[in-house]
Amino acid sequence: MRPDTPADHTTEAERLLRTAAQYPEDHEPLILQAAAHLELAGDRARASTLYDDLLGGPEATVDNPHLIKSLKAANLWEYGHEAEARAIIDGIRTAGPLDAAPWQVAAETLEAHDELESAHDFFSAALTLLLAPGEEVPYAVQSLLTGRHRVRRLLGRDHDAWDELAGALHTAPVPLDELHDPKRLWSLGSSDPVELKAEIARLRAELGTHRTALSRPFPVAVLHWPEHELRELLTAYPALTEEYVDRATHLDRLETALRDLHATGTPNLGIVTGTVPSYEAFAASEAASPATPGLLPQYATTLAARGRAIPWPPSRTAACWCGSGEVYGRCHGVG
């Protein structure tokens, strides 16, 4: 059952913190989830402490420092620390992270506090950095396009190429322009049944979009074994040889599976990297043998849920996911 009350959120936060202590390799995403529940419980000061604890640890132990900073800024602003929040957001823009999430959180924080021009500039700076001309829009970047479209409608700006792209990527039955129409607020106070029915239809469409996003909180992930890990895995559990055959076959099958999923319209694809000790610990927690092939997709899903997935496909000029050292466009991105 989902937490509904502040006490429920506090209880869930405590559970997540205990889990983070049990799985130190996954402590970062678990602690971020705990902090989110504390914010919902109204305990924003304690949430900030969790963000500070993550940022205060050794740099090598933090995977997403800019995301943590953006979440901290959003939280600080909500309970009266606007100047500190602004300083953090300015720092994120200066750093220019190559991940959409911190840009998204920071821009929406500005938007939520009626800093529409700043939010627009933030969304635009993110897209300039993360959206390569002529390449497919990564799943994580699509929400930046949507957010920028929303802010531009509030500012009364005419459509530009990115607005057109946002509209083309929008799949809900109600057009994006209609969902982001500032005049919608007027209809909420209307007594005209036609206007009210139209607004109900728009809200249902918007809710459907949110539910779709919430139903896929982490990527549909496939499992990648680095060369030395695959060698150790097959030596220890030869029954899995049929599943993987050899390193080259494993890599080819992985890329093919991702392309097939993409061709069917599956969004938010990713790759998780396995290690033998982690897999063995997962098998023990499931009271199953690591030699069981059916355990592998469950392990991949668990890693993705813990924030271990990297988005696929990468840019053609980015390093290939396989670790070859080649850019994706000249490695597995060929074809």
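Here is what the cut-offs are and how they apply
- Residues numbered from 1 in each chain as written.
- Predicted model: local features only at pLDDT ≥ 70, side-chain atom pairs only at ≥ 80, totals over all residues.
- Heavy atoms only, no water.
- Helix = DSSP H or I, 4+ residues; strand = E, 2+ residues; numbered from the N terminus.
- Buried < 20%, exposed > 50% of the residue type's maximum accessible area, 1.4 Å probe, protein only.
- Pairing = 2+ DSSP bridges.
- Axes fitted to C-alpha atoms, helices over the stretch in contact; angles between N-to-C directions.
- Contact = heavy atoms within 4.5 Å.
- Salt bridge = Lys/Arg side-chain N within 4 Å of Asp/Glu carboxyl O.
- Phe/Tyr/Trp six-rings, centres within 6.5 Å; stacked < 30°, edge-to-face > 60°.
- Core = buried A, V, L, I, M, F, W, Y, C linked by side-chain atoms within 4.5 Å.
- Parallel < 35°, antiparallel > 145°, perpendicular 65-115°, else oblique.
- Nonpolar A, V, L, I, M, F, W, Y, C, P; charged D, E, K, R; others polar.

**Student:** In this structure, what is going on with unusual backbone geometry? I would like to understand it.
**Tutor:** Going from Trp 312 to Pro 313, the amide bond is cis rather than trans, its omega being 0°. Topologically, Pro 313 is positioned in the segment after β3 (310-312). Non-glycine residue Asp 114 carries a positive phi angle of around 60°. Position of Asp 114 among the secondary structure elements: in the loop between α6 (100-112) and α7 (116-130). Given the relative accessible area of 66%, Asp 114 is considered exposed. Even without glycine at this site, Val 245 takes up a positive phi of about 65°. Tracing the chain through its elements places Val 245 in the loop between α14 (241-244) and α15 (247-263). For Val 245, a relative accessible area of 38% puts it in the partly exposed group.

**Student:** Looking at this structure, I do not really get the sheet that holds strand β1 (residues 220-224). What am I missing?
**Tutor:** Strand order across the open sheet formed by 3 strands is β1-β2-β3, with mixed pairing between neighbours. Each edge of the open sheet is held by one strand with a lone partner, namely β1 and β3. Averaged over all neighbouring strand pairs, the angle between strand axes comes to 40°, with direction disregarded. Two elements, β1 and strand β2 (residues 269-273), share 5 bridges in a ladder whose sense is parallel. Each residue of the ladder has a partner; that of Leu 223, found in β2, is Val 272. Packing against the sheet, helix α17 (residues 295-305) makes contact with β1 and β2, and its axis sits at approximately 115° to β1.

**Student:** I tried to follow the pattern of salt bridges on my own but got confused; where do I start?
**Tutor:** Proximity of charged atoms lets side chains of opposite charge pair with each other. Under the definition given, this model contains 20 salt bridges. One salt bridge in this structure joins Arg 150 and Glu 108, with 3.7 Å as the shortest N-O distance. Highlighted residues: Arg 150 in helix α8 (residues 139-155) and Glu 108 in helix α6, separated in sequence by 42 residues. A relative accessible area of 34% places Glu 108 in the partly exposed class. The salt bridge partner of Asp 177 is Arg 153, with a shortest N-O separation of 3.8 Å. Remark: Arg 153 occurs in helix α8 and Asp 177 occurs in helix α10 (residues 176-179); sequence separation between them is 24 residues. Note on Asp 177: relative accessible area 29%, which makes it partly exposed.

**Student:** Looking at this structure, I do not really get α17. What am I missing?
**Tutor:** Spacing of three or four residues puts side chains on the same side of an α-helix, whose turn is 3.6 residues. Three or more residues of α17 are buried, namely Leu 295, Leu 296, Tyr 299, Ala 300, Thr 302, Leu 303 and Ala 304. Packing partners of the buried residues in α17 comprise β1, α14, β2 and α16 (276-285). One or two residues past the end of α17 sits Gly 307, with phi positive at roughly 85°.

**Student:** Is there a simple way to think about the side chain of Glu 111 in this case?
**Tutor:** Assignment of secondary structure puts Glu 111 in helix α6. Apart from the residues lying within four places of it in its own chain, the contact partners of Glu 111 are Leu 116, Ala 119, Phe 123, Arg 150, Val 151 and Leu 154.

**Student:** What am I meant to see in the pairing of β2 here?
**Tutor:** Sheet faces and side chains relate simply in a regular strand, where the side chains alternate between the two faces. For β2, the buried fraction is high: 4 of the 5 residues fall into the buried class. Relative to β3, β2 runs antiparallel, the two being bridged by 3 bridges. Paired with Leu 269 across the bridge in β3 is Trp 312.

**Student:** Any chance you could explain the packing of aromatic side chains here in plain terms?
**Tutor:** The way to describe two aromatic rings as a pair is by their centre distance and the angle between their planes. One pass over the structure, following the stated rule, counts 6 aromatic pairs. Judged by centre distance (6.5 Å) and plane angle (80°), the ring pair of Trp 225 and Tyr 244 falls under edge-to-face. Of this pair, Trp 225 sits in the loop between β1 and α13 (227-236) while Tyr 244 sits in helix α14, and the two are 19 residues apart along the sequence. Here Tyr 244 falls in the buried class, since its relative accessible area comes to 7%. Members of the aromatic cluster, each reached through a chain of ring pairs, are Trp 225, Tyr 244, Tyr 279, Phe 282 and Tyr 299.

**Student:** Explain the nonpolar core to me, please; I cannot follow it from the model alone.
**Tutor:** The tendency in soluble globular proteins is for nonpolar side chains to be buried as a group. If you look at the biggest cluster of nonpolar residues, it comprises 28 residues, and the most contacted ones within it are Ile 89, Trp 103, Phe 122, Val 141 and Leu 144. Elements represented by at least two residues in this core include exactly α4 (65-78), α5 (82-95), α6, α7 and α8. With 8 residues, α7 is the single largest residue contributor to this core. Core analysis: the next-biggest nonpolar cluster, separate from the first, contains 21 residues, Trp 225, Phe 282, Ala 304 and Ala 309 among them.

**Student:** Got a minute to help me understand the packing of α16 against α17 in this structure?
**Tutor:** Packed helices, taken two at a time, are described by the angle between their axes plus the distance between the axes. Orientation of α16 relative to α17, taken along the N-to-C sense of each, is 105°, at an axis distance of 11 Å. The angle between the axes of α16 and α17 places the two elements in the roughly perpendicular class. Two secondary-structure elements touch here, α16 through Ser 278, Tyr 279, Phe 282 and Ala 283 and α17 through Leu 295, Leu 296, Gln 298, Tyr 299, Thr 302 and Leu 303. Residue classes in the contact of α16 with α17 are distributed as 7 nonpolar, 3 polar and no charged.

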